[in-house]
Amino acid sequence: QVQLVESGGGLVQAGGSLRLACAASGRTFSIYAMGWFRQAPGKEREFVARITWSGGYTSYADSVKGRFTISRDKAANTVTLQMNSLKPEDTAAYYCAGTKVYERSYYRDTAYEYWGQGTQVTVSS
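Because the structure is a prediction, the values reported are computed rather than measured. (Residues numbered from 1 in each chain as written. Predicted model: local features only at pLDDT ≥ 70, side-chain atom pairs only at ≥ 80, totals over all residues. Heavy atoms only, no water.)

Draft legend 1. Representation of the overall build of the protein chain in the model. Check the secondary structure of the protein chain and you find zero helices and eleven strands. Beginning at the N terminus, the succession of helices and strands in the protein chain can be written as β-β-β-β-β-β-β-β-β-β-β. Considering only contacts within the protein chain whose residues lie at least 6 apart along the sequence, 56% involve residues at least 24 apart. Total accessible area computed for the protein chain in this model is approximately 6400 Å², and 47% of it derives from carbon and sulfur atoms. The distance from the centre of the 14 positive side-chain charges to the centre of the 10 negative ones in the protein chain is 5 Å. (Helix = DSSP H or I, 4+ residues; strand = E, 2+ residues; numbered from the N terminus. Contact = heavy atoms within 4.5 Å. Areas by Shrake-Rupley, 256 points an atom, 1.4 Å probe, with all protein chains shown as cover. Lys, Arg positive; Asp, Glu negative; His and termini not counted. Charge placed at Lys NZ, Arg CZ, Asp CG, Glu CD.)

Draft legend 2. Molecular detail of the nonpolar core. Among the nonpolar cores identified, the biggest contains 34 residues, and Met34, Trp36, Leu81, Met83 and Tyr94 are the most heavily contacted of them. Broken down by secondary-structure element, the contributors of at least two residues to this core are β1 (2–7), β3 (18–26), β4 (33–39), β5 (46–52), β7 (68–73), β8 (78–83), β9 (92–99) and β11 (119–124). (Core = buried A, V, L, I, M, F, W, Y, C linked by side-chain atoms within 4.5 Å. Buried < 20%, exposed > 50% of the residue type's maximum accessible area, 1.4 Å probe, protein only.)

Draft legend 3. Here's a closer look at the packing of aromatic side chains. If you walk through the whole model with that rule in mind, you get seven aromatic pairs. Centroid distance Tyr106 to Tyr107: 5.7 Å. Interplanar angle 80 degrees. Geometry classified as edge-to-face. Here Tyr106 falls in the partly exposed class, since its relative accessible area comes to 24%. Here Tyr107 falls in the partly exposed class, since its relative accessible area comes to 42%. Through successive ring pairs, a cluster of aromatic residues spans Phe37, Phe47, Tyr106, Tyr107, Tyr112 and Trp115. The ring of Trp115 has Arg45 lying over it, and the distance from NZ or CZ to the ring centre is 3.9 Å. Just above the ring of Tyr106 sits the side chain of Arg50; from NZ or CZ to the centre is 4.5 Å. (Phe/Tyr/Trp six-rings, centres within 6.5 Å; stacked < 30°, edge-to-face > 60°. Lys NZ or Arg CZ within 6 Å of the ring centre and 35° of its normal.)

Here it is, written out as structure tokens:
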């Protein structure tokens, strides 16, 4: 099992920045990739970004490309999401996710077995 704990959410004005962190513990050696998803009230959970644990290959949703950066620190077992130029539409609960296996459909939340509890990001206009 892998446990994930997010931190770093909060309230920020449009145009500002926030940095989310996800700390992984347990059988972290089994992780293939980590991702970030978000869910706004009344909306479905959506893919934000993903990084492979070993090679560090990244993927992003079009809506955040160029503004968000995902990275990982293998020694510290953490994944970070740096969010810049935030917009009100980025307001959501952000979730860290992990998977042990490669999934072509990595942008689907069903591709991930492990989930954090979520952290709220609110961007005011």
